[in-house]
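A structural walkthrough
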Amino acid sequence: MIIAIDGPAGSGKSTTARAVARRLGFHHLESGAFYRALTYAALRAGLPVERWPELEASALDALNVHARPADGAFRLFIGEEDVTEFLRSPEVTAHVSQMARVPAVREWLLSQLREAGRTTDLVCDGRDMGTVVFPEAELKIFLTASPETRARRRLAEQGVTDPDPAELAAEVERLLTRDRLDTEREVAPLRRAADAVLLDTTALDFEAQVEAVVRLAESRRR
Ligand code: DC
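Residues numbered from 1 in each chain as written. Predicted model: local features only at pLDDT ≥ 70, side-chain atom pairs only at ≥ 80, totals over all residues. Heavy atoms only, no water.

Our focus in this paragraph is the sheet that holds strand S7 (residues 139–144). Hydrogen bonds along the backbone pair up the strands of a sheet, which may run parallel or antiparallel. If you walk across this open sheet you meet the 5 strands as S2-S6-S1-S7-S8, and the pairing is parallel. Two strands in the sheet have a free side with no partner beyond their single neighbour: strand S2 (27–30) and strand S8 (197–200). Taking the axes of each pair of neighbouring strands and ignoring which way they run, one obtains an average angle of 20° across the sheet. In this sheet, strand S6 (residues 122–126) lies alongside strand S1 (residues 2–6) in parallel orientation, the contact comprising 5 bridges. Following the sheet pairing, Ile 3 is matched in S6 by Val 123. Across the sheet, helix H2 (residues 31–44) lies against S2 and S6, angled at about 45° from S2, the strand it touches most. (Pairing = 2+ DSSP bridges. Helix = DSSP H or I, 4+ residues; strand = E, 2+ residues; numbered from the N terminus. Axes fitted to C-alpha atoms, helices over the stretch in contact; angles between N-to-C directions. Contact = heavy atoms within 4.5 Å.)

In structure tokens form, the structure reads like this:
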């Protein structure tokens, strides 16, 4: 069974997907981590950002990024080095949308992501899981929350639990910029699949959110 969770930055996709996977004994595939790993590898290799739109499959192969299943999830590697811990840095976050909009990058990752779902039950999250990567998923969820809620969650992840108004406004601005890049790009833009269940988590606590997805999954399990 495949459960596809899509939505904008900070909507709680990854934490929800991880908890749902644990409850159901499924693997968790966080597709954003794959885009982040390519971004990290390109930055580290010194590939100038303005050249990224010209990247082709051979150049992507040369970055040597791949994923390995571990403990119910996937870890990202450059060669033999596990880089999973480095993927949420502000520098990677600031550049990842530019990598994710390159058509050759999306094509290159498609087979890797599908391969991950070939042999195991999966909860995957991202922007195009239900629309492009796993259109046949048995359950599709589109998670949303208000921009302010999403910004507070992102800041809390970075240890800022009581942001002042300026900090909050700056984070809202960064999120909306990324939303814009992700929804307006030509390839695989962020959008809700026609058959996705819409879940607004602004007023839901985390447990209720996880429970809602688990119940839907149980009702659709073959
Ligand atoms: O979910 P995240 O913040 O880790 O995602 C990082 C970036 O990767 C995000 O700006 C958009 C892109 N992304 C994408 O285009 N398609 C996906 N399936 C997952 C992520």
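We are not done yet, so read on.
On to the packing of aromatic side chains. Tallying each qualifying case throughout the model produces 1 aromatic pair. Seen from the ring of Phe 77, Arg 68 lies directly overhead, with NZ or CZ sitting 4.2 Å from the centre. (Phe/Tyr/Trp six-rings, centres within 6.5 Å; stacked < 30°, edge-to-face > 60°. Lys NZ or Arg CZ within 6 Å of the ring centre and 35° of its normal.)

Our next topic: the side chain of Ser 97. Looking at the element boundaries, Ser 97 is found in helix H4 (residues 90–100). The exposure class assigned to Ser 97 is buried, which follows from its relative accessible area of 6%. With near-sequence residues (within four places) excluded, Ser 97 lies in contact with Arg 178, Leu 181 and Asp 182. (Buried < 20%, exposed > 50% of the residue type's maximum accessible area, 1.4 Å probe, protein only.)

With that settled, the discussion passes to the site of the ligand. Taken together, 17 residues are adjacent to the ligand, and Arg 36, Arg 106, Asp 128, Arg 178 and Arg 185 come closest. Contacts to the ligand include Arg 127, whose side-chain N or O atom sits 3.0 Å from an oxygen atom. The side chain of Asp 128 places a nitrogen or oxygen atom 2.8 Å from a nitrogen atom of the ligand. Considering the ligand on its own, with 450 Å² of exposed area, one finds that the protein chains cover 99% of that surface. Looking at the shell around the ligand, the elements that each hand over two or more residues are H2, H4 and helix H8 (165–184). Sorting elements by how many residues they give to the shell around the ligand places H2 first, with 4 residues. (Near = heavy atom within 4 Å. Polar contact = N/O pair within 3.5 Å; in protein donor to acceptor, adjacent residues only side chain to side chain. Areas by Shrake-Rupley, 256 points an atom, 1.4 Å probe, with all protein chains shown as cover.)

This part covers the packing of helix H7 (residues 147–157) against H8. Angle between the axes and distance between the axes are the two parameters that describe a pair of packed helices. Relative to each other, H7 and H8 sit at 105°, their axes nearing to 9 Å. By the angle class used here, H7 and H8 are roughly perpendicular. Contact residues: H7 offers Pro 147, Glu 148, Arg 150, Ala 151, Arg 152, Arg 154 and Leu 155, while H8 offers Glu 167, Leu 168, Glu 171, Val 172, Leu 175, Leu 176, Arg 178 and Asp 179. Looking at the contact of H7 with H8 residue by residue, the classes come out as 7 nonpolar, no polar and 8 charged. (Parallel < 35°, antiparallel > 145°, perpendicular 65-115°, else oblique. Nonpolar A, V, L, I, M, F, W, Y, C, P; charged D, E, K, R; others polar.)

Now for the sheet that holds strand S4 (residues 73–78). With antiparallel pairing, the 3 strands of this open sheet are ordered in space as S3-S4-S5. Only two strands of the sheet have a single partner each, and these edge strands are strand S3 (65–70) and strand S5 (81–82). Relative to S5, S4 is paired through 2 bridges, and the arrangement is antiparallel. Across the sheet, residue Ile 78 finds its bridge partner in S5, namely Glu 81. Sitting on the sheet, H2 touches S3, S4 and S5, and the angle it makes with S4 is about 15°.

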